[in-house]
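A structural walkthrough
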Amino acid sequence: MPNIRFPNMFDGSSGKVALTYGDDLNRQSLKAVLLSNIGELMGDPSYGSDLKSCLFEIQSPMFKTLLQQNIAEAANNWVKGIKINSIEISVSDEIKENDKIVVYYYSKSTGENGIISLEVTNDGKLTTI
């Protein structure tokens, strides 16, 4: 089943709503849930991952494990078309630019493996690369 492509919701050449399918849909859905704070989506206060706020909290020895659990739980709850294979987190003791999180996943609909990479930008924001 297709979904509306985000953020480019319209096809400029045809003027129609742009749709996305398969792994593109899974990737878009995973990106949206990871970059959304819980409570940010009106109408569904439990949607999101709070990854952004967790990433900038005081880090402890269990920090990476907690981040991995946060990502896996959000994906499991909100992106039914994928299975998380592994999550690599390369962050320093204090979050700084170019720290990365890489999520490797399996797309149930296409049978393909996918990757989504998140990076802390120089202005302290979390974004996909």
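Residues numbered from 1 in each chain as written. Predicted model: local features only at pLDDT ≥ 70, side-chain atom pairs only at ≥ 80, totals over all residues. Heavy atoms only, no water.

Comments concerning the sheet that holds strand E4 (residues 100–107)
Sheets are built from strands that pair by backbone hydrogen bonding, the pairs being arranged parallel or antiparallel. Here is the rule we go by: When DSSP finds at least two bridges between two strands, those strands are taken to pair. Labels follow the DSSP assignment, with helices taken as runs of H or I lasting at least four residues and strands as runs of E lasting at least two, numbered in each case from the N terminus. Here, axes are lines fitted to C-alpha atoms. For helices the fit covers the stretch in contact, and angles between N-to-C directions go from 0 to 180 degrees.
Here we have 4 strands laid out as an open sheet, ordered E3-E4-E5-E6, and antiparallel in their pairing. Of all strands in the sheet, those with a lone pairing partner are strand E3 (82–90) and strand E6 (126–128), marking the two edges. Neighbour to neighbour, the strand axes of the sheet diverge by 20° on average, direction disregarded. As paired strands, strand E5 (residues 113–120) and E6 are joined by 3 bridges and run antiparallel to one another.

So, the pattern of salt bridges
In plain terms, the rule: By salt bridge we mean one thing: a side-chain nitrogen of Lys or Arg within 4 Å of a carboxyl oxygen of Asp or Glu. Burial classification: accessible surface area is computed with a 1.4 Å probe over protein chains only, and a residue below 20% of its type maximum counts as buried, one above 50% as exposed, and the rest as partly exposed.
What the rule picks out here adds up to 1 salt bridge. For lysine 100, the salt bridge goes to glutamate 119, with nearest N and O atoms at 3.9 Å. Here lysine 100 is found in strand E4, whereas its partner glutamate 119 is found in strand E5, with 19 residues between them in sequence. Under the relative-accessibility criterion, lysine 100 is labelled partly exposed at 33%. Using a relative accessible area of 15% as the deciding quantity, one classes glutamate 119 as buried.

Regarding the packing of aromatic side chains
What counts is decided by this rule: Each pair of aromatic rings taken from Phe, Tyr and Trp, with Trp reduced to its six-membered ring, is defined by centres within 6.5 Å and is described as stacked if the planes are under 30 degrees apart, edge-to-face if over 60, and tilted in the remaining cases.
Overall, the coordinates contain 1 aromatic pair when judged by the stated rule. When the ring of tyrosine 47 is compared with that of tryptophan 78, the centres are 5.1 Å apart and the planes differ by 70°; the resulting orientation is edge-to-face. Here the residue tyrosine 47 occupies a position in the loop between helix H1 (22–34) and helix H2 (51–55), and tryptophan 78 occupies one in helix H3 (residues 63–78), the gap between them amounting to 31 residues.

Digging into the environment of lysine 100
To keep it simple, the criterion reads: For this analysis, residues touch if any pair of their heavy atoms sits within 4.5 Å.
In sequence terms lysine 100 and leucine 126 are 26 residues apart; their C-alpha atoms lie 9.1 Å from each other. In contact with lysine 100, not counting residues within four places along its chain, are Glu88, Ile89, Ser90, Val91, Leu118, Glu119 and Ile129.

Some thoughts on the pairing of E4
Two faces, one strand: in a regular strand the side chains alternate between the faces of the sheet. In this structure, E3 lies alongside E4, joined through 8 bridges in antiparallel fashion. Within E4, the residue paired with isoleucine 87 across the bridge is valine 103. Strand direction decides the pairing type here: E4 and E5, joined by 7 bridges, are antiparallel. Paired with tyrosine 105 across the two strands is glycine 114, which belongs to E5.

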